[in-house]
Amino acid sequence: YDREEHTLRELRIFLRDMCKKLASNKLFFMFTKPVDTEEVPDYPTIIKQPMDLETMMTKVDFHRYECAKDFLNDIELICQNALEYNPARTSADKQIRHRACSLRDYAYTLIKTEMDTDFEEKCQEISKKR
Ligand SMILES: COC(=O)[C@H](Cc1ccco1)c1ccncc1
């Protein structure tokens, strides 16, 4: 049991570093906080499951991620939401869709290159048992 808690603690440390690196990139500023529903009142009518990097940092602290795959599912959600809410052929919409795809690719690559495969497999095994 303690060995598993040690593994999940190490995962949380790793995922906090991932959140920090993604949120510190100026290109991704629009993904760092929830979309302001006061400024954008139709956002919740279109996007049913909002997600952002600050919320993901809180989810790490609340032990809501048991493996990197669960973390990447929320990155995918940030990306899909941006593609769905900003579909126009305007340069503004094209730019945020490009940024969303960059965030997704950057997150996958960061985790793929900085995370030990065996460590993620161990996390997924723990997650399956719970
Ligand atoms: C994830 O962020 C978004 O989807 C909002 C949508 C939005 C549209 C108008 C105000 O906000 C966004 C923010 C910044 N630049 C583009 C779009």
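Computed from a predicted structure; not experimentally measured.

1. A short note on the state of the cysteines
Reasoning step 1: Evaluation of the coordinates by the stated rule reveals zero disulfides.
Reasoning step 2: C67 forms no disulfide, and the closest cysteine sulfur to it belongs to C123, at a distance of 6.9 Å.
Reasoning step 3: Here C79 is not cross-linked by a disulfide; its sulfur's nearest cysteine counterpart is in C101, at 4.7 Å.

2. Examining the site of the ligand
Reasoning step 1: In the region of the ligand, the neighbouring residues are M30, F31, V35, V40, Y85, N86 and I96.
Reasoning step 2: In terms of residue class, the shell around the ligand is made up of six nonpolar, one polar and no charged.

3. Quick notes on helix α5 (residues 91-114)
Reasoning step 1: The end-to-end C-alpha separation of α5 is 34 Å, in line with the 34 Å expected for 24 residues at 1.5 Å each.
Reasoning step 2: The complete set of buried residues in α5 reads D93, I96, R99, A100, L103, A107, L110 and I111.
Reasoning step 3: Those residues of α5 that are buried lie in contact with α1 (2-23), α3 (53-61) and α4 (68-85).

4. Brief notes about the environment of E39
Reasoning step 1: Mapped onto the secondary structure, E39 falls in the loop between α1 and α2 (43-46).
Reasoning step 2: When the C-alpha positions of E39 and L77 are compared, they lie 21 Å apart, and in sequence the two are 38 residues distant.

5. Looking at the packing of α1 against α4
Reasoning step 1: Where α1 contacts α4, the two axes come as close as 11 Å, and the packing angle between them is 25°. Taken together, the axes of α1 and α4 are roughly parallel relative to one another. α4 is crossed by α1, and the crossing has right-handed handedness. Of the residues in α4, those touching α1 at L11, L15, M18, C19 and L22 are A68, F71 and I75.
Reasoning step 2: Residue classes in the contact of α1 with α4 are distributed as eight nonpolar, no polar and no charged.

6. Focus: α4
Every α-helix carries 3.6 residues per turn, so stepping three or four residues along brings you back to the same face.
Reasoning step 1: Compared with an ideal rise of 1.5 Å per residue, which puts 18 residues at 26 Å, α4 spans 26 Å between its outermost C-alpha atoms and is within 8% of the ideal.
Reasoning step 2: Listed in full, the buried residues belonging to α4 are A68, F71, L72, D74, I75, L77, I78, C79, N81 and A82.
Reasoning step 3: In the core, the buried residues of α4 are packed alongside α1, α2, α3, α5 and α6 (117-129).

7. Notes on unusual backbone geometry
Reasoning step 1: Although it is not a glycine, H63 sits at a positive phi angle of roughly 60°.
Reasoning step 2: With respect to the secondary-structure elements, H63 resides in the loop between α3 and α4.

8. Examining the environment of Y43
Reasoning step 1: Along the chain, Y43 turns up in helix α2.
Reasoning step 2: By relative accessible area, Y43 is classed as buried at 8%.

9. Examining the packing of aromatic side chains
Reasoning step 1: Applying the stated criterion to the full structure yields three aromatic pairs.
Reasoning step 2: Measuring from centroid to centroid gives 6.2 Å for F28 and Y106, while their planes differ by 45°, and the two rings are tilted. Residue F28 is located in the loop between α1 and α2, and its partner Y106 is located in helix α5; the two are separated by 78 residues in the primary sequence.
Reasoning step 3: When the ring of Y65 is compared with that of F71, the centres are 5.4 Å apart and the planes differ by 75°; the resulting orientation is edge-to-face. In this structure, Y65 and F71 share a single accessibility class: buried.

Cut-offs used in this document
- Residues numbered from 1 in each chain as written.
- Predicted model: local features only at pLDDT ≥ 70, side-chain atom pairs only at ≥ 80, totals over all residues.
- Heavy atoms only, no water.
- Disulfide = S-S within 2.5 Å.
- Near = heavy atom within 4 Å.
- Nonpolar A, V, L, I, M, F, W, Y, C, P; charged D, E, K, R; others polar.
- Helix = DSSP H or I, 4+ residues; strand = E, 2+ residues; numbered from the N terminus.
- Expected span 1.5 Å × (residues − 1).
- Buried < 20%, exposed > 50% of the residue type's maximum accessible area, 1.4 Å probe, protein only.
- Contact = heavy atoms within 4.5 Å.
- Axes fitted to C-alpha atoms, helices over the stretch in contact; angles between N-to-C directions.
- Parallel < 35°, antiparallel > 145°, perpendicular 65-115°, else oblique.
- Left-handed = near helix turned anticlockwise from the far one by under 90°.
- Phe/Tyr/Trp six-rings, centres within 6.5 Å; stacked < 30°, edge-to-face > 60°.

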